[in-house]
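# Remarks on the overall topology
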Number of protein chains: 2
Amino acid sequence: MVTDELVTDASTSGVSRRGLLQAVGVGSGAGVMFATMGALGLAPTAAAQPRADAWTPPRGSDFTLTGRSAKKVVVVGAGPAGLATAYELQKAGYRVTVLEARHRPGGRTLTIRGGDSETDVDGVTQTARFADGIYMNAGAGRIAQWMVTMDYLRELGVPYEVFTNANADAYLYNERSGATPGRPVRYRTAKADVFGYTSELLHHATDQGALDARLTADDKENLREFLRGWGSLKADGTYAGGANRGYEVYPSAWNAHGTPLPGPGSVSEVLASRVGQYFPFEINWEQSMLMFQPKGGMDTTYEYFVRAIGRQHVHFSSPVTGVENTGGGVRVTYTPPHGRARQVEADFAVVTAPAGLMRRWDTNWGPETDAALGEFAVGSPAGKIGLQYRSRFWEDDHRIYGGITETDMDLAHVWYPSSGYGERKGLVVGYYNTGANARAYADLTPRERERRAVAQGVKIHGEKYRTELESSFSIAWHKVPYVEGAWAYPDTTSSGFKHLQQGSGNVYFAGDWMSEVSAWQHGAFWSARYAVQALHARVMAG
Amino acid sequence: MVTDELVTDASTSGVSRRGLLQAVGVGSGAGVMFATMGALGLAPTAAAQPRADAWTPPRGSDFTLTGRSAKKVVVVGAGPAGLATAYELQKAGYRVTVLEARHRPGGRTLTIRGGDSETDVDGVTQTARFADGIYMNAGAGRIAQWMVTMDYLRELGVPYEVFTNANADAYLYNERSGATPGRPVRYRTAKADVFGYTSELLHHATDQGALDARLTADDKENLREFLRGWGSLKADGTYAGGANRGYEVYPSAWNAHGTPLPGPGSVSEVLASRVGQYFPFEINWEQSMLMFQPKGGMDTTYEYFVRAIGRQHVHFSSPVTGVENTGGGVRVTYTPPHGRARQVEADFAVVTAPAGLMRRWDTNWGPETDAALGEFAVGSPAGKIGLQYRSRFWEDDHRIYGGITETDMDLAHVWYPSSGYGERKGLVVGYYNTGANARAYADLTPRERERRAVAQGVKIHGEKYRTELESSFSIAWHKVPYVEGAWAYPDTTSSGFKHLQQGSGNVYFAGDWMSEVSAWQHGAFWSARYAVQALHARVMAG
């Protein structure tokens, strides 16, 4: 999928993707998986199951050297999976036609800029009144450096920059827990205290002999050395604060040693504040820095894809309503802008629409495929609001240059911009929430969403969060036409999930929901690659 | 000071600045310090001691409204302290002349670009053969977002970008410790294992009742909840690896779950590998992300300063050899390029040269000032080498986009570039070391330094680290003329340090070495501000 996922969304749900994967026993050993996956319809050998790094792009010479003629493929959807499919096929000489239901490419990598307009499934229209250069990544917002997304940025020449997924000076704000509710604390302070006290406790337990059954004398000395550094412990092994907590006024010159922050509280207070629940995010495999974003907005990538494919091959505002196998090929029914339903025939189709929505189409791919797609019938809700401010008070006053503030309020996450530092205006993502919180905001009018988000943000940032506001734009992904959800996670062990990998006749499926890394462009791209590979193998075998 | 400091340089020295400050009892309470600092000569009231945030720039109206005429000030040194001094004074109407011994501004914020030439105190000349757009920050390399340096970047309009001070995919490489010497491990893997096992141990100790005297039942439950998330613990409280360690091949689509890395080793092996010693760096008060750098090189800032001050007021290659109080003013002796010694008279001088070097000048500021400057007689050595490569294999093959690899070898740190991602060529800082290691490299020829650095870097990065190399440039700060050291830390409790804050007659002192944040531009800037404030107060009182 294409909106990136907050793996540790502890404030809204106890269930994380990570936890889910652990629960189903995935991620701890690949060999077993490969052995249990079984054969594919098209190439029924174990070797045909792609390895995660197995990508041999089809090439034009595959046709010219074998006397075959290139085939025609209709791609449904101009999001990451669809555009990557079309791009890779076209590079090898396939004739491609992309049909996109929405008026723009990118799918859930939507970037909202001034003048952009969106109408939701209830008919509510918002038009962004953002200033030049201000944008909001309403969907996908970040790319980890190991992801294949980086390769496409590089291949296409998309300019990119660091996405600030973590910042020691961003805030943690738990109003429902802790000894001092209502007081935001900076990440650096929270870390110093949590790591300080947990190091002290483990140092103490080690000294008391509580771990003697587990650790040798050398182990204990290595452990204590680590804890003293990591926890900023005093020589006696206790934690009493220190510079890593940050300062109210930082040290400067002469003998101005700075003004320390109040605290630390007691170990009980620090544990009860539950700030530590936010820390795993930064060491998460999908979320660790460094991360990147395309300059100017995430959907910039897809403008580059469309340019590379050729704009004449990508048809927008052309929703598909039917996909049929015709024996030797496929017939796709769609409605072009201002026109009547039309049909296009091709050798193959690669369908990348949200799986759940495909069940509304006229298809003849049969009950097994229908049932498999039905596993994705409902997309999860997620919402964001972009708040444009006339000043960047989070940089000027709070000295937060990018990063994410975490809360236990229903707005969940607040994102500061990773670009435009020091400029006059800027845009803060005032909520990024999921589940029930996302539904609650979605049920409000855009104006009410803004008011609710601002009222909560003021608690952290002060009155400027209200008085400097110029305009806002909010998205509720489960209300976006032709999307209707932020993401849907596959049960990768289901027989339906395996069935979809084989496609149906001359129809193949792709999308982040067909991947091990759902909710990320990485998963969408790899699903496209595997679909392209399977399709091409079929053509070469024909 | 102006070369940024590696606070936790655990591989080269057991003594960190942080530790030093803790040892002398500094940083844990500001009130006491203010109370003990005593009066200043020029403004003998407690209020005259600046607070860390106390900065009231002198203004032109201070003169025009009081009928005073602006004064003339000679500033010695065109590094951060000198240029900020001249800039702030000139904004208020002072007439300033800056005398700089070297041929360029910036001091220890030196950026080396193609064509740049440096001759060391032994007469060894290197000329950089870097490609267009390639540069090496030979000195200062990073700016924390809380530092006043950010304010000057913004005021002057210097473009800046994220400096990647930490990267989950950079390596840790300890060849002298651990069960598997010679095998680099990525930060993310090391963190998962260290945090996993330490969380397991503390979870276990908690379960065993070892902390019952310290923790309530609620505390214990809060602690266990934190540990399970932070350590990726299984339901039974044990650590067995997981996705956060990273992958040999990352998960992609269909059922390609990825290839896990080998490991984790046992708790003894992980502790013995001593990788955890590098972790405190990332939560250090001076080093935590986000950090920033000027685009195009750190000394860009000082080009902007010179432009703002007016190039005609800044005299390069003009080493000072004498500073004298003359009763009502000062007389400064210097040697202009291709000329004979010359003298300039002014109302005041602000001297920002390295303290130790001033003792070679002809001065009449007396034995107390001489002795105080003598506290800084020897600057610490530090060295860097910039290795220009014809390909960015660390990005292409290792997927490391910026950040720092840590080692226990004598090269200490390897820096990957924070700019130019995905471009063809790039520059890696192949060593950044201090102390004995810096001296060892400094004693080699530039060619030998390169060979030694490359031979070690190959152990981590493979043969491309040798075969892709195009050229190098190395610096040994204790051999740079008119600098002769990377930094010098003040004993901020000494009477000499306090004496220097009063200046001597009409001479004031500034420099990072006059600060609480030595080795950082932040400290240099604040020392300049305090000198300017003291000087201006004197003028206004006159």
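Structure shown above.
Let me sum up the structure you'll find in this document. (Residues numbered from 1 in each chain as written. Chains lettered and ligands numbered in written order. Predicted model: local features only at pLDDT ≥ 70, side-chain atom pairs only at ≥ 80, totals over all residues. Heavy atoms only, no water.)

## Digging into the overall build of chain A
- Each helix and strand counted, chain A has 17 helices and 25 strands in total.
- Going through the 542 residues of chain A one by one, you find that 63% of them count as buried.
- Of the contacts formed within chain A by residues at least 6 apart in sequence, a portion of 70% connects residues at least 24 apart.
- Entry remark: accessible area of chain A is about 18,500 Å², with carbon and sulfur atoms responsible for 50%. (Helix = DSSP H or I, 4+ residues; strand = E, 2+ residues; numbered from the N terminus. Buried < 20%, exposed > 50% of the residue type's maximum accessible area, 1.4 Å probe, protein only. Contact = heavy atoms within 4.5 Å. Areas by Shrake-Rupley, 256 points an atom, 1.4 Å probe, with all protein chains shown as cover.)

## Let's talk about the sheet that holds strand β19 (residues 362-363) of chain A
All names here are of chain A.
- Read across the sheet, 4 strands follow the order β17-β16-β15-β19 without closing on themselves; strand pairing throughout is mixed. Both edges of this open sheet fall to β17 (342-346) and β19, since each of them pairs with a single strand only.
- Pairing between strand β15 (residues 320-325) and strand β16 (residues 330-334): 5 bridges, direction antiparallel. Residue Val320 lies in a different strand from β16, and its bridge partner there is Tyr334. (Pairing = 2+ DSSP bridges.)

## Here we look at the sheet that holds strand β1 (residues 72-76) of chain A
Residues and elements named next belong to chain A.
- The 5 strands lie next to each other as β14-β2-β1-β18-β25, forming an open sheet whose pairing is parallel. Across the chains shown, the open sheet's two edge strands, defined by having one partner strand only, are β14 (314-315) and β25 (507-509).
- The pairing of strand β2 (residues 95-99) with β14 spans 2 bridges and is classified as parallel. Across the sheet, the residue bridging to Leu99 is His315, located in β14.

## Structural notes on the interface of chain A and chain B
- Counting residues at the interface gives 107 residues for chain A, matched by 107 residues for chain B.
- For the chain A and chain B pair, buried surface summed over both sides reaches about 9,500 Å², with 61% attributable to carbon and sulfur atoms.
- If you sort the residues of chain A by the area they bury against chain B, Trp254, Asn255 and Ile283 of chain A come out on top, with a joint share of 10%.
- A salt bridge links Arg214 of chain B to Glu200 of chain A; the nearest nitrogen and oxygen atoms lie 2.3 Å apart.
- It is helix α6 (residues 187-207) of chain A that provides the largest number of residues to the side of chain A that touches chain B, a total of 10 residues. (Buried area = accessible area lost by both parts, 1.4 Å probe. Salt bridge = Lys/Arg side-chain N within 4 Å of Asp/Glu carboxyl O.)

## So, the pairing of strand β23 (residues 426-434) of chain B
Residues and elements named next belong to chain B.
- With 9 of 9 residues buried, β23 lies mostly within the body of the structure.
- Where strand β20 (residues 382-389) lies against β23, 8 bridges are found, and the strand directions are antiparallel. Bridging across to β23, Ile385 finds its partner in Tyr431.

## Some thoughts on the relation of the copies chain A and chain B
- The two copies are related by a screw operation: chain A maps onto chain B through 180° of rotation and 0.0 Å of translation along the axis, at an RMSD of 0.0 Å. The two molecules are tied by a two-fold rotation axis, judged by turn and shift.
- A shared interface surface links the copies, since 100% of the contact residues of chain A are contact residues in chain B too. (Least-squares fit on C-alpha atoms with pLDDT ≥ 70 in both.)

## With respect to the packing of aromatic side chains
- Taken as a whole and assessed by the stated rule, the structure comprises 78 aromatic pairs over all chains.
- Aromatic side chains Tyr401 of chain A and Tyr421 of chain A sit 6.0 Å apart centroid to centroid with 50° between the ring planes, which places their arrangement in the tilted category. Highlighted residues: Tyr401 of chain A in the loop between α12 (393-396) and β21 (403-407) and Tyr421 of chain A in the loop between β22 (413-416) and β23 (426-434), separated in sequence by 20 residues. You'll find Tyr401 of chain A and Tyr421 of chain A in the same group, each marked buried.
- An aromatic cluster is built from Tyr187, Phe195, Phe226, Trp230 and Phe279 of chain A together with Tyr187, Phe195, Phe226, Trp230 and Phe279 of chain B, whose rings are joined through pairwise contacts.
- Over the face of the ring belonging to Tyr432 of chain A we find Lys384 of chain A, whose NZ or CZ atom lies 4.7 Å from the ring centre.
- For Arg529 of chain B, the ring lying beneath its charged end belongs to Trp526 of chain B, and the centroid distance is 4.9 Å. (Phe/Tyr/Trp six-rings, centres within 6.5 Å; stacked < 30°, edge-to-face > 60°. Lys NZ or Arg CZ within 6 Å of the ring centre and 35° of its normal.)

## A closer look at helix α6 (residues 187-207) of chain B
- Between its first and last C-alpha, α6 of chain B extends 29 Å over 21 residues, near the 30 Å set by a 1.5 Å rise per residue.
- Where α6 of chain B terminates, the next one or two residues include Gly209 of chain B, which has phi positive at roughly 85°. (Expected span 1.5 Å × (residues − 1).)

## Quick word on the environment of Gly523 of chain A
- Along the chain, Gly523 of chain A turns up in helix α17 (residues 521-541).
- Residues Gly523 of chain A and Met147 of chain A lie 376 residues apart in sequence; the distance between their C-alpha atoms is 8.8 Å.
- Non-local contacts of Gly523 of chain A, meaning those with residues more than four positions away in its chain, are made with Gly511, Asp512, Ser515 and Val517 of chain A together with Ala253 of chain B.

## Overview of the packing of helix α4 (residues 80-91) of chain A against helix α9 (residues 300-309) of chain A
Residues and elements named next belong to chain A.
- Contact geometry of α4 with α9 gives a least axis separation of 10 Å together with a crossing angle of 30°. When the axis of α4 is compared with that of α9, the two are roughly parallel. Helix-helix and strand crossings are classified by hand; for α4 and α9 the assignment is left-handed. Residues Pro80, Leu83, Ala84, Ala86, Tyr87 and Gln90 of α4 pack against Tyr302, Phe305, Val306, Ala308 and Ile309 of α9.
- Each residue belonging to the contact of α4 with α9 can be placed in one class, and the counts come to 10 nonpolar, 1 polar and no charged. (Axes fitted to C-alpha atoms, helices over the stretch in contact; angles between N-to-C directions. Parallel < 35°, antiparallel > 145°, perpendicular 65-115°, else oblique. Left-handed = near helix turned anticlockwise from the far one by under 90°. Nonpolar A, V, L, I, M, F, W, Y, C, P; charged D, E, K, R; others polar.)

## Some details on the environment of Glu345 of chain B
- In this fold, Glu345 of chain B is placed in strand β17 (residues 342-346).
- Separated by 2.7 Å, the side chains of Glu345 of chain B and Arg331 of chain B make a polar contact. (Polar contact = N/O pair within 3.5 Å; in protein donor to acceptor, adjacent residues only side chain to side chain.)

## Things to note about the pairing of strand β15 (residues 320-325) of chain B
Residues and elements named next belong to chain B.
- Between the antiparallel neighbours β15 and strand β16 (residues 330-334) lie 4 residues, among them Gly327 with a positive phi of about 95°.
- In terms of strand pairing, β15 meets strand β19 (residues 362-363) through 2 bridges, oriented parallel. Looking across to β19, one finds that Gly322 is bridged to Asp362.

## Things to note about α9 of chain A
All names here are of chain A.
- Extensive coverage of α9 is indicated by the burial of 7 of its 10 residues.
- Buried within α9 we find Thr300, Thr301, Tyr302, Tyr304, Phe305, Val306 and Ile309.
- Directly after α9, the chain includes Gly310, whose backbone phi takes a positive value near 105°.

## Quick word on the pattern of salt bridges
- Per the counting criterion, the structure on display carries 63 salt bridges over all chains.
- For Arg154 of chain A, the salt bridge identified is with Asp396 of chain B, shortest N-O distance 2.6 Å. With one member in each of two chains, Arg154 of chain A in helix α5 (residues 148-156) and Asp396 of chain B in helix α12 (residues 393-396) form a pair that bridges those chains.
- Under the relative-accessibility criterion, Arg154 of chain A is labelled partly exposed at 28%.
- Assessed through its relative accessible area of 38%, Asp396 of chain B is described here as partly exposed.
- Each member of the salt-bridge network shares a partner with another, and the members are Arg104, Arg113, Asp116 and Asp299 of chain A.

## A word on the side chain of Thr300 of chain A
- Tracing the backbone shows Thr300 of chain A in helix α9.
- Polar contacts involving the side chain of Thr300 of chain A include one to the main-chain carbonyl oxygen of Gly297 of chain A, which spans 2.7 Å.

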